[in-house]
2 protein chains.
Amino acid sequence: VAPLEVPTGEVKQLSVAIPASVISDTPHLREKTAKLGTIARASSIFGVNNILLYNDDPKHGRDDLELCFELLTYLETPQYLRKKLFRLSPTLRFTGILPPLQTPPHNVPRTVSELKVGDVREGLVVSKKDETLIVDAGLPETVTARGDGKVGDRVAVRLVTVGKNLRGEVENTRPVRDSEGEAKYWGYKVRKTQSISTLLQQEDADLRIGTSRYGSPITDLWPSVKARVEKARSVLIVFGSPKEGLKEILQHENLQAADVFDYFVNMVPNQHTATVRTEEALLISLSLLNFAIAS
Amino acid sequence: VAPLEVPTGEVKQLSVAIPASVISDTPHLREKTAKLGTIARASSIFGVNNILLYNDDPKHGRDDLELCFELLTYLETPQYLRKKLFRLSPTLRFTGILPPLQTPPHNVPRTVSELKVGDVREGLVVSKKDETLIVDAGLPETVTARGDGKVGDRVAVRLVTVGKNLRGEVENTRPVRDSEGEAKYWGYKVRKTQSISTLLQQEDADLRIGTSRYGSPITDLWPSVKARVEKARSVLIVFGSPKEGLKEILQHENLQAADVFDYFVNMVPNQHTATVRTEEALLISLSLLNFAIAS
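Residues numbered from 1 in each chain as written. Chains lettered and ligands numbered in written order. Predicted model: local features only at pLDDT ≥ 70, side-chain atom pairs only at ≥ 80, totals over all residues. Heavy atoms only, no water.

> What should I look at first to understand the overall build of chain A in this one?
Across its full length, chain A holds 8 helices and 13 strands. Its C-alpha radius of gyration of 20 Å places chain A within 12% of the 19 Å reference for a compact globule of 295 residues. Seen through its C-alpha atoms, chain A measures out along the principal axes to roughly 60 × 45 × 35 Å. The buried share among the 295 residues of chain A stands at 57%. Summed over all atoms, the accessible surface of chain A reaches about 13,000 Å², with 49% contributed by carbon and sulfur. (Helix = DSSP H or I, 4+ residues; strand = E, 2+ residues; numbered from the N terminus. Rg over C-alpha atoms; globule rule 2.2 N^0.38 Å. Buried < 20%, exposed > 50% of the residue type's maximum accessible area, 1.4 Å probe, protein only. Areas by Shrake-Rupley, 256 points an atom, 1.4 Å probe, with all protein chains shown as cover.)

Pasting the structure below:
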């Protein structure tokens with residue numbers, strides 16, 4: 001499964017922006033967790049590189065923003081590193097009910113006998129001696145790796161010797177390529193900002209798409225959007241919340257869709273429900289974007 | 001929001017087929033309920049007319065089949081009729097955590113003063129005198145309606161007099177049209193069958209699409225699928241389960257995809273996760289199908 005390539009051979013960067021209030025419409029942590037699990041899965045299926053959280057409720061949104069950040073970061077961490085990187089926290093107590101992401105860095109062998117030279121896996125730097133790192137990569141034995149890093153860092157390690165002594169090298173280049181040289185999706189990063197205006201100022205994407213039921217139908221914009229998506233090295237898609245659409249959220253900060261987006265798009269022409277929820281819009285939009293890129 | 005029209009002016013019928021084992025990968029009723037809620041929402045957003053459940057595990061699947069049927073039927077029922085049509089059942093105890101479907105028959109006024117002549121709403125026939133039905137339509141007053149029906153039936157009633165006395169007529173034609181004459185999506189029906197072969201024998205759709213990661217990428221088939229979707233009066237899309245893809249499910253009954261489907265399609269080209277779950281594939285596929293129909 002090859003990643004999304006732009007003509008230059010570089011890998012296209014996909015980012016999605018999601019309001020923290022996405023989890024505010026249910027009081028139960030169990031359902032908030034499930035919703036963030038849905039967002040993590042949708043992002044992983046379609047190879048999203050960045051999930052950008054923005055606070056759309058300056059008064060009450062900080063807790064939601066922190067919860068979204070903690071849970072999405074936790075879910076992106078390979079299972080075998082979670083206990084090492086996260087303290088036991090009551091907010092994480094329902095993560096066990098979620099389906100695994102099964103992205104390439106999560107789907108790795110758990111025993112030494114299955115390892116192959118050239119395998120890349122995520123690990124935690126547990127000690128350092130001169131230029132040599134000792135990396136816990138979720139195996140019965142640690143990996144001795146050359147490369148940059150300090151104790152406590154999460155690093156990707158490419159195995160150069162397997163068997164009795166596991167030796168590797170820290171892999172800094174992205175995309176990570178497997179032993180056959182194929183580029184692999186390596187999960188998403190999560191960032192948080194205190195407002196949508198800050199997010200839009202900080203994020204420098206070639207192509208910015210806002211989604212709204214008040215946008216132009218994707219069917220009308222298709223040839224143009226498709227051509228721009230194909231050429232862009234980085235695409236950002238921005239979503240509204242269950243309470244307020246993107247148009248209202250922008251209005252609170254005196255922003256106009258036409259000024260901040262290249263396209264303002266209704267991704268669900270002819271919707272038959274009064275509203276489409278953020279996590280639904282995410283999967284629907286990424287499905288169409290993936291279709292534009294792959295076709 | 002106009003419904004999906006075929007050139008004849010008739011409304012296209014969309015059906016989705018889903019294996020009962022879709023809920024077998026979690027032991028918790030709360031998450032089974034949530035997953036069926038996701039399926040109900042996806043179907044409603046895109047105006048699915050029929051959800052066809054099939055038992056893909058002859059040995060253990062009957063309970064799952066019944067649970068899927070009960071929950072999906074319950075969710076499609078307008079909130080104000082649920083207590084009247086369903087007995088209190090332990091299997092329904094987590095339905096309160098789900099977001100509402102907000103389809104047209106769910107989004108109706110709850111007070112008499114908001115009613116308009118021409119409004120159509122769902123109700124329950126509570127008594128019958130000669131040709132006159134007394135219908136509980138979730139209002140403080142019952143509606144006196146002419147038309148066919150017997151006590152206990154769920155009927156759609158078009159209001160012809162509002163105010164002190166509510167009078168109406170049973171609306172039998174589909175699609176239901178609002179007072180402006182616009183066709184409205186009126187929810188989905190749920191059916192269940194004991195195997196996929198029975199389902200495929202019984203369902204007589206103009207166009208049958210099977211979904212599988214082993215199918216041809218949708219990008220390759222697009223012009224052909226799009227043309228067929230546009231012409232078809234009825235489209236059936238069939239999905240596999242979290243445990244087994246559609247290819248394996250067909251193999252158990254000695255069926256070949258090429259014999260039973262017009263197209264066998266991979267709706268998620270370049271997926272970056274090891275698997276795509278049924279409820280994810282449903283939303284992804286309906287997004288692309290809706291795009292084909294609307295463009």
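> Looking at this structure, I do not really get the side chain of A:Asn49. What am I missing?
Residue position: A:Asn49 is located in the loop between helix H1 (29-45) and strand S2 (50-54). Apart from residues no more than four positions distant in its own chain, A:Asn49 is found in contact with A:Lys12, A:Gln13, A:Leu14, A:Tyr185, A:Gly187, A:Tyr188 and A:Lys189. (Contact = heavy atoms within 4.5 Å.)

> What am I meant to see in empty space enclosed by the protein here?
Rolled over the atoms, a probe sized like a water molecule indicates the empty space that remains. Residues and elements named next belong to chain B. Per the counting criterion, the structure on display carries 3 cavities of 30 Å³ or more. When residues of the lining of the largest cavity are assigned to their parent elements, the largest contribution, 3 residues, is made by helix H1 (residues 29-45). A class-by-class count of the residues in the lining of the largest cavity yields 5 nonpolar, 2 polar and 2 charged. (1 Å grid on protein atoms, 1.4 Å probe; cavity = no way out; pocket = protein on both sides within 12 Å on 5 of 7 lines; lining within 4 Å. Points joined across faces, edges and corners; volume = space filled by probe spheres on them. Nonpolar A, V, L, I, M, F, W, Y, C, P; charged D, E, K, R; others polar.)

> Can you walk me through the packing of aromatic side chains in this structure?
Geometry of an aromatic ring pair is reported as the spacing of the ring centres plus the angle between the planes. Evaluated as defined, the whole model comprises 9 aromatic pairs over all chains. Members of the aromatic cluster, each reached through a chain of ring pairs, are A:Trp222, A:Phe291, B:Trp222 and B:Phe291. Looking at B:Arg121, its charged tip hangs above the ring of B:Tyr80, at a distance of 5.3 Å from the centre. Over the ring of B:Phe69 we find B:Lys192, and its NZ or CZ is 4.3 Å from the ring centre. (Phe/Tyr/Trp six-rings, centres within 6.5 Å; stacked < 30°, edge-to-face > 60°. Lys NZ or Arg CZ within 6 Å of the ring centre and 35° of its normal.)

> Would you mind going over the relation of the copies chain B and chain A with me for this structure?
Both copies of the chain are related by a screw-like operation: a rotation about an axis and a shift along it. Rotating chain B by 180 degrees and translating it 0.0 Å along the rotation axis places it on chain A, where the RMSD comes to 0.0 Å. Taken together, these values place the two copies in the relation of a two-fold axis. By C-alpha distance to the rotation axis, the residue of chain B lying nearest is B:Ile284, at 2.9 Å. With an isologous cut-off of 70% or more, the 100% of interface residues of chain B that recur at the interface of chain A puts this contact in the isologous class. (Least-squares fit on C-alpha atoms with pLDDT ≥ 70 in both.)

> Please clarify how H1(B) should be interpreted in this entry.
Residues and elements named next belong to chain B. If you check H1, its first and last C-alpha atoms are 24 Å apart, about what 17 residues at 1.5 Å a residue would give, namely 24 Å. Among the 17 residues in H1, 15 count as buried, and that is most of the element. Of the residues flanking the end of H1, it is Gly47, one or two places downstream, whose phi is positive at about 70 degrees. (Expected span 1.5 Å × (residues − 1).)

> Teacher, can you tell me more about the sheet that holds strand S2 (residues 50-54) of chain B here?
By definition, the strands of a sheet pair up through backbone hydrogen bonds, in either a parallel or an antiparallel sense. All names here are of chain B. Read from one edge to the other, the open sheet built from 6 strands follows the order S10-S2-S1-S12-S11-S13, with strand pairing classed as parallel. Both outer strands of the open sheet, strand S10 (189-193) and strand S13 (263-266), are each paired with one neighbouring strand and no more. Strand-to-strand twist across the sheet, computed as the mean angle between neighbouring axes with direction ignored, equals 25 degrees. With 4 bridges joining them, strand S11 (residues 207-217) and strand S12 (residues 234-238) adopt parallel strand pairing. For Gly210, the partnering residue across the bridge sits in S12 and is Val238. (Pairing = 2+ DSSP bridges. Axes fitted to C-alpha atoms, helices over the stretch in contact; angles between N-to-C directions.)

> How should the environment of B:Leu139 be read in this particular structure?
Residue and element names in this part refer to chain B. Looking at where Leu139 falls in the secondary structure, it is placed in the loop between strand S4 (132-136) and strand S5 (143-146). With relative accessibility at 10%, the residue Leu139 sits in the buried group. Taking the C-alpha atoms as reference, Leu139 lies 9.8 Å from Leu166; in sequence the two are 27 residues apart. Here Leu139 is in contact with Pro109, Arg110, Thr111, Val112, Leu115, Arg121 and Leu166, once residues within four sequence places are set aside.

> Sorry if this is basic, but what is going on with the sheet that holds strand S1 (residues 13-19) of chain A here?
Residue and element names in this part refer to chain A. In spatial order, the strands read S10-S2-S1-S12-S11-S13; together these 6 strands make up an open sheet with parallel pairing. A single partner strand is all that each edge strand has here, and the edge strands are strand S10 (189-193) and strand S13 (263-266). Across the sheet, the axes of successive neighbouring strands diverge by a mean angle of 25 degrees, strand direction being ignored. As judged from the 5 bridges shared by S1 and strand S12 (residues 234-238), these two strands associate in the parallel manner. Bridged to Leu14 within S12 is Val235. Its contacts with the sheet place helix H5 (residues 218-231) against strand S11 (207-217) and S13, and it is angled at close to 175 degrees to S11.

> Sorry, what's going on with the interface of chain B and chain A here?
How big an interface is tends to be reported as the loss of accessible area on association of its parts. With 43 residues of chain B in contact, the opposing surface of chain A contributes 43 residues. Both faces considered, chain B and chain A share a buried interface measuring about 3,900 Å² in area, 62% of it formed by carbon and sulfur atoms. Three residues stand out in chain B for area buried against chain A, namely B:Ile45, B:His272 and B:Phe291, and they jointly supply 19% of the buried area on that side. Inspection of the region where chain B meets chain A yields 4 salt bridges. Salt-bridge contacts for A:Arg41 lead to B:Glu280; the nearest nitrogen and oxygen are separated by 2.7 Å. Among the elements that make up the side of chain B that touches chain A, the one with the highest residue count is helix H8 (residues 278-294) of chain B (8 residues). (Buried area = accessible area lost by both parts, 1.4 Å probe. Salt bridge = Lys/Arg side-chain N within 4 Å of Asp/Glu carboxyl O.)

> How do you make sense of helix H2 (residues 61-76) of chain A when you look at a structure like this?
One full turn of an α-helix is made of 3.6 residues, so residues set three or four places apart face in the same direction. Residues and elements named next belong to chain A. Taking 1.5 Å of rise per residue, 16 residues should cover 22 Å, and H2 covers 23 Å from first to last C-alpha, within 8% of that figure. Buried within H2 are the following residues: Gly61, Asp64, Leu65, Leu67, Cys68, Leu71, Leu72, Tyr74, Leu75 and Glu76. Each element contacted by the buried residues of H2 is listed here: H1, S2, helix H3 (79-85), strand S6 (154-161) and S10.

Function cannot be read off these values alone, since they describe shape.
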